[in-house]
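# Remarks on the overall topology
What follows is the residue order along each chain.
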Amino acid sequence: MTTTAEPTTTPSPEVGKARVRKEDARLITGRTRYTDAITPQGTLHVHVVRSPLAHAKILGVDKAEAAASPGVIGVYTATDLGVESVGLPCAWPITPDMKAPQRPLLASDTVHFAGEGVAVVVARSAAEARDAADLVDVDYEEMEPVLDMEAALAEGATLVHPDLGTNENATWVFDSGEAGTGGSVADAISAAEADPDSVVVKRRFRQQRLIPAFMEPRSCVVDPTGEQMVIYAATQIPHILRTMTTVTMGVPESKVRVIAPDVGGGFGGKIGVLPEEMLCVALAQKLRRPVKWTETRSESLLAAHHGRDQIQDITITAKRDGTVTGLDVHLLADMGAYLGLVGPGVPILGAFMFNAIYRIPALKFTCTNVFTTKTLTDAYRGAGRPEATFAIERIMDELAVELGRDPMELRQQNWIPHEEFPFTTVVGLTYDSGNYEQATDQAMATFDYAGLRREQEERRRNGDPVQLGIGISTFTEMCGLAPSRVLGSLSYGAGGWEAASVRMLATGKVEVITGASAHGQGHETAFSQIVADRLGVPFEDVEILHGDTQISPKGLDTYGSRSLAVGGPAITMAVDKVIAKAKKVAAHLLEAAEDDLEFANGSFTVRGTDKGKAIQEIAFATFMAHDLPEGMEPSLDADAVYDPENFSFPHGTHLAAVEIDTETGHVDLRKYVCVDDVGVVINPLIVEGQVHGGLAQGIAQALFEEANYDEQGTLVNGTFVDYTLPSAADLPSFDTAVVSTPATTNPLGVKGVGEAGTIASTPAIVNAVLDAVRQFGVTDIEMPTTSQRVWRAIQEAQGRATQETPVDTHSPGAGLGSIDPNNPQGEVQ
Amino acid sequence: MIPAKFDYVKPASVADAVRALREGGDDAKIIAGGQSLLPVLRLRLAAPSLVIDLGGIPELRGIREDGDRIAIGAMTSYYDILRDDLVTQHVALLAQATETVADNQVRHRGTLGGSLAHADPAGDLGAPALALDAEMVIAGETGTRTVPAAEFFVDYFTTAIGEGEILTEIRFPKYTGWGSHYEKFNRTAQAWSMCAVAAAVRVEGGTIAEARVGLTNMGTTPIRAAGVEQALIGQPASAEAIRTAADRATEGTAAPSDADAAADYREHLARVLTGRAVLAAAG
């Protein structure tokens, strides 16, 4: 069946096309099934009884009334389930002597944070389980909470885990002098102190605690009725969850199938291995029935892991001409009560990014992780890198103020010029590509930097009640969390490769299996575009399969902006193997030598002739297997695993203009311009969407969000009334653009975009806020820079005393803020 | 989220609703638009044994002209109020405040009567009702009575509505030709007011002839800024005169302190926002 190849009309390439995401229709209409909508026949429902106290001895658990409640199958403590010695995994022992408390599935003797589970109720319906949970009577003896990191490290502090003998989890140090990647910071500081032509600028910054606030609450269903136990979970990490279920519960890996159906967001908040998931495994095994757990929003805010929460002591040294000579970073990072799956490593991911885009000759990074009686912290969009970017971009502004320099000019003086790429930094990373000048020039022009500076000057001169502030963030990040050898050198408990398979179906359609696990990113669309181009098939003919260990047995899931940079090349490698196999079949059928064939737009043609065969024809011929080359298996399918040599390093220039109403302190973000270099862009619409969402989240840290605990250790921002997420109405229309210097660290030239907006935007906003009010003598405002904080900072800088602000949000006048989530039995008037 | 168990009735008349309320006793709770009650139920902060839904009583909905009054049924939604010609012509301040309540979804569900009866001092409709001398028509077993707004708001979440009584109608005098403005200040666009000011003024030849000013979230109830009103009368409608009068905005207030705003900041906001609200109303 030789056909004549059509005259070649090159189809417009898919890569670079702003395709609307093919997954969106099912996601946003609710047509898909999220985990909570999956209910195998006979499912029982689980509700967790949680501690309202931060730190307390459990004297007794009276289950009788709850057990007798309608529909209740059982009420269980850890002992009742025989899981009291089961500990949840922490996969990142950052130092050999790291102190790691065992995190139980349910607290047995002592609760260590408000929200920790003490017992579970299993009932025929979710409502009956919820009703009965109110009837479980836990007798607590209250203990001193541990809330402040510095106090927790002091002599004689109350210990969260007395058996560890300390509240210090670990101290991790990187010193470029000792590592041989740069000079000694101690030397740089003493030299600067001794030199009248140098300055030393020290600042303390605080990264407030944040809540990832993904849209779909966490949920899991465990069905033990088949040969393989099936775990449906709203998770970012189905593959890791499968392995960890084996490690934690001892179920053989071959007996576990994990399905992450469509998952409604994560932002890092769903990379945990949850006590509730493992409890459902234990309950399903015990009861031999499917069990389901879905958290309420209140539980999610209280007990799902939080993010950030660092105190950053930063010292920068520079010559008076602006040349930076050293950077000393000292962090305290709040782990909360236990260690999350990668919690202790999150601040360490930032270690390599404090030098950012700058040629800093000496850098020392010291981070001490601290236990407190709070919800544990773990990855949250950017994980370590937003903290680093914030500190360096804030201190560059402080240095500019100290030296009386324009902050952008100071950055330009110190950044790595594009001719110097590839550039090995002071921490030993090799930045493969980038062009800070290009992104900055474009951003400055779009922003009208000079014009806004003029307006700012004018408003200052006129004493305008509305003052203008301009903020800069020239960021870079390391993403595509991957190189297995590098991760190994950091004692990370897994590799970083990603796997893919390509299946050519008989009818010419293509199934692509990826180990990446999307939870809102648009993988199906972007990956289809890549495959369509590479294989020369229509976009519509490519189906991306993921999120089920039975379909996609191998993978390391989605976090750290890795899906495209690591998962993408795995797919193209598998596609190339398919093409290589198909070429053998084509050569055989066309009676030509393989070397005489060329492959383009989905067809093999014999060079210099009009003879050819489409890949779909080859797929069908292979399926029929009537006439294949000698010794060839009748299959074109192929697998590949990709493990890059290096990270990728997106960068960008972000510029913000804020208007501050000096009478009320209100900050109005007037203009936001960013130009990001994320390498080769597969789908500009998805890139723009990721940047928009990322900006909203990063700006939210600067202006809106904060998770606070009162002095009893109670989370006071326990509802969305108190945890003020911004909406579109709070943000301006962003002016985003991309420039592209292709990455050389992966064959697609891509860099990753999922975290860029979040990492870059926070310091741009805070720098802008301070830029507006420095004229009044204000030197710092803690995040979020709320109207009240801005107003108070102005008052105090002008020598006017103001009142202490209570941490408590439970003013009766704060609408639903009158609700205390930890006292759900409390009466409301 | 799952509320505790409750019984539910949806009476078809006010008389039936009053009967249900009496029979339900202390544990019965009325649901109007549900925008405050439902979250409270779902968080189990309240566990009424009976929920009486007023959504099945058509006469509680609607806006009509009644002589020199505009009468608004208690179950009229925010959405219907803010786009009603009678309201925008004669009680514009109410429409302006209503427009700032939460988001469009809430404004389609929430009701004027529900909000006033709930009496959250951070709610936006108490201050305009108080400033504009609205009257509340309350139905009980023995008929109806009318309570002026000044006597309606008693304390946090407490009104003059007695046991077994239902708010049925809110009647506003006409403020045709007055200027008005609702100045709201909050943490995020859809959050409750940290502080807000409802102002209506009648300006005659550049002079303020009459003024009505109400404050949101400056005490346990909406508060009438009587001192500001007095200070405004007879003054020119100028920024300076208005700002001076606005300095009296905190008289008689008891500003709450919370993480968003400690009392001193709230008081400062009240003065600034009062100046802005009156100036906008006069402009």
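## Quick look at the overall build of chain A
The helix and strand inventory of chain A stands at 22 helices and 31 strands. The C-alpha radius of gyration computed for chain A amounts to 28 Å, which stays within 12% of the reference 28 Å derived for 829 residues, consistent with globular compactness. Considering only C-alpha atoms, chain A reaches an extent of 90 × 75 × 50 Å along its principal axes. Counting the 829 residues in chain A, one finds 63% classified as buried. If you take every contact in chain A between residues at least 6 apart in sequence, the share linking residues at least 24 apart comes to 79%. Summed over its atoms, the accessible surface of chain A is roughly 29,100 Å², and 50% of this surface lies on carbon and sulfur atoms. Taking the average location of the 65 positive side-chain charges in chain A and that of its 111 negative ones, the two points are 3 Å from each other.

## Points about the sheet that holds strand S2 (residues 28–31) of chain B
Residue and element names in this part refer to chain B. Taken in spatial order, the 3 strands line up as S1-S3-S2 in an open sheet, and their pairing is parallel. Strand pairing shows two members of the sheet lacking a second neighbour, strand S1 (7–9) and S2, which therefore form its edges. Pairwise comparison of adjacent strand axes, ignoring direction, gives a mean angle of 25 degrees for this sheet. With respect to the sheet, helix H1 (residues 14–24) is in contact with S1, S2 and strand S3 (50–53), its orientation differing from that of S3 by roughly 170 degrees.

## Quick notes on helix H19 (residues 615–624) of chain A
All of the buried residues along H19 of chain A are Ile615, Glu617, Ile618, Ala619, Ala621 and Thr622 of chain A. Trailing H19 of chain A by a residue or two, alanine 625 of chain A shows a phi angle of about 60 degrees, which is positive.

## Overview of the layout of surface pockets
Where empty space is left becomes clear once a probe the size of a water molecule has been rolled over the atoms. Residues and elements named next belong to chain A. Computed from the structure, the second largest pocket encloses a volume of approximately 1,200 Å³. Glu706, Asn708, Glu782, Arg789 and Val807 are, among the 46 residues lining the second largest pocket, the residues nearest its centre. When contributions to the lining of the second largest pocket are tallied by element, the ones reaching two or more residues are strand S11 (198–210), strand S16 (307–319) and helix H22 (787–797). Of all the elements, H22 adds the most residues to the lining of the second largest pocket, at 6 residues.

## Side note on the side chain of asparagine 169 of chain A
All names here are of chain A. By the secondary structure assignment, asparagine 169 is in strand S10 (residues 168–175). The class for asparagine 169 is buried, based on a relative accessible area of 1%. Residues within four places of asparagine 169 in sequence aside, it is in contact with Ile94, Met98, Lys99, Met335, Leu339, Pro344, Asn369 and Phe371.

## Side note on the interface of chain B and chain A
Accessible area lost during the coming together of the parts is what is often quoted as the interface size. Facing 39 residues of chain B, the contacting portion of chain A comprises 49 residues. Linking chain B with chain A are 5 salt bridges. Across the salt bridge formed by glutamate 663 of chain A and arginine 276 of chain B, the nearest N and O atoms sit 2.7 Å from each other. If you look at where chain B meets chain A, you find 18 residue pairs in polar contact (both at pLDDT 80 or more). When contributions to the side of chain B that touches chain A are tallied by element, the ones reaching two or more residues are helix H2 (37–42) and helix H12 (263–282) of chain B. With 7 residues, H12 of chain B is the largest single contributor of residues to the side of chain B that touches chain A. Residues belonging to the side of chain B that touches chain A are distributed by class as follows: 25 nonpolar, 7 polar and 7 charged.

## Concerning the domain arrangement of chain B
You can read the domains of chain B as domain 1 (7–54), domain 2 (67–173) and domain 3 (179–282). Each of domain 1 of chain B and domain 3 of chain B has a C-alpha centre, and the two are 35 Å apart.

## As for the packing of helix H18 (residues 563–590) of chain A against H19 of chain A
All names here are of chain A. Where H18 meets H19, the axes come as close as 10 Å, and the angle between the chain directions of the two elements is 85 degrees. Judged by the angle between their axes, H18 and H19 are roughly perpendicular. Contacts between H18 and H19 involve Ala582, Val585, Ala586 and Leu589 from the former and Ile615, Ile618, Ala621 and Thr622 from the latter.

## A look at the pattern of salt bridges
Scanning the entire structure with this criterion turns up 78 salt bridges over all chains. The salt bridge partner of arginine 308 of chain A is glutamate 387 of chain A, with a shortest N-O separation of 3.5 Å. With arginine 308 of chain A in strand S16 and glutamate 387 of chain A in helix H12 (residues 385–403), the pair connects residues that are 79 residues apart, well separated along the chain. A single salt-bridge network, built from bridges that share partners, covers Arg64, Asp66, Asp68, Arg69, Glu135, Glu169 and Arg171 of chain B.

## With respect to the state of the cysteines
Residue and element names in this part refer to chain A. All chains considered together, the criterion is met by 0 disulfides over all chains. Between cysteine 90, a cysteine without a disulfide, and cysteine 367, which holds the nearest cysteine sulfur, the sulfur-to-sulfur distance is 14 Å. Left unpaired, cysteine 674 is separated from the closest cysteine sulfur, that of cysteine 479, by 15 Å. On the accessibility criterion, cysteine 674 (0% relative accessible area) is buried.

## Here's the deal with the domain arrangement of chain A
Residue and element names in this part refer to chain A. Partitioning chain A into structural domains gives domain 1 (3–31 + 497–642) and domain 2 (35–143 + 213–303). Relative placement of domain 1 and domain 2: their C-alpha centres are 40 Å apart. On the domain 2 side, the residues contacting the 19 residues of domain 1 number 20 residues. Summed over the three residues of domain 1 that lose the most area to domain 2, namely His519, Thr549 and Asp557, the buried surface amounts to 41% of that side. The interface formed by domain 1 and domain 2 includes 2 salt bridges. In this structure, the salt-bridge partner of aspartate 548 is arginine 257, at a minimum N-O distance of 2.7 Å.

## Examining the sheet that holds strand S9 (residues 137–142) of chain A
Residue and element names in this part refer to chain A. Strands sit in the order S7-S3-S9 across an open sheet of 3 strands; the sheet is antiparallel. In this open sheet, the two edge strands, each paired with only one partner strand, are strand S7 (110–111) and S9. Pairing between strand S3 (residues 56–62) and S7: 2 bridges, direction antiparallel. Bridge pairing in S7 places alanine 56 opposite valine 111.

Calculation notes
Residues numbered from 1 in each chain as written. Chains lettered and ligands numbered in written order. Predicted model: local features only at pLDDT ≥ 70, side-chain atom pairs only at ≥ 80, totals over all residues. Heavy atoms only, no water. Helix = DSSP H or I, 4+ residues; strand = E, 2+ residues; numbered from the N terminus. Rg over C-alpha atoms; globule rule 2.2 N^0.38 Å. Buried < 20%, exposed > 50% of the residue type's maximum accessible area, 1.4 Å probe, protein only. Contact = heavy atoms within 4.5 Å. Areas by Shrake-Rupley, 256 points an atom, 1.4 Å probe, with all protein chains shown as cover. Lys, Arg positive; Asp, Glu negative; His and termini not counted. Charge placed at Lys NZ, Arg CZ, Asp CG, Glu CD. Pairing = 2+ DSSP bridges. Axes fitted to C-alpha atoms, helices over the stretch in contact; angles between N-to-C directions. 1 Å grid on protein atoms, 1.4 Å probe; cavity = no way out; pocket = protein on both sides within 12 Å on 5 of 7 lines; lining within 4 Å. Points joined across faces, edges and corners; volume = space filled by probe spheres on them. Salt bridge = Lys/Arg side-chain N within 4 Å of Asp/Glu carboxyl O. Polar contact = N/O pair within 3.5 Å; in protein donor to acceptor, adjacent residues only side chain to side chain. Nonpolar A, V, L, I, M, F, W, Y, C, P; charged D, E, K, R; others polar. Domains from an automatic or database assignment. Parallel < 35°, antiparallel > 145°, perpendicular 65-115°, else oblique. Disulfide = S-S within 2.5 Å. Buried area = accessible area lost by both parts, 1.4 Å probe.

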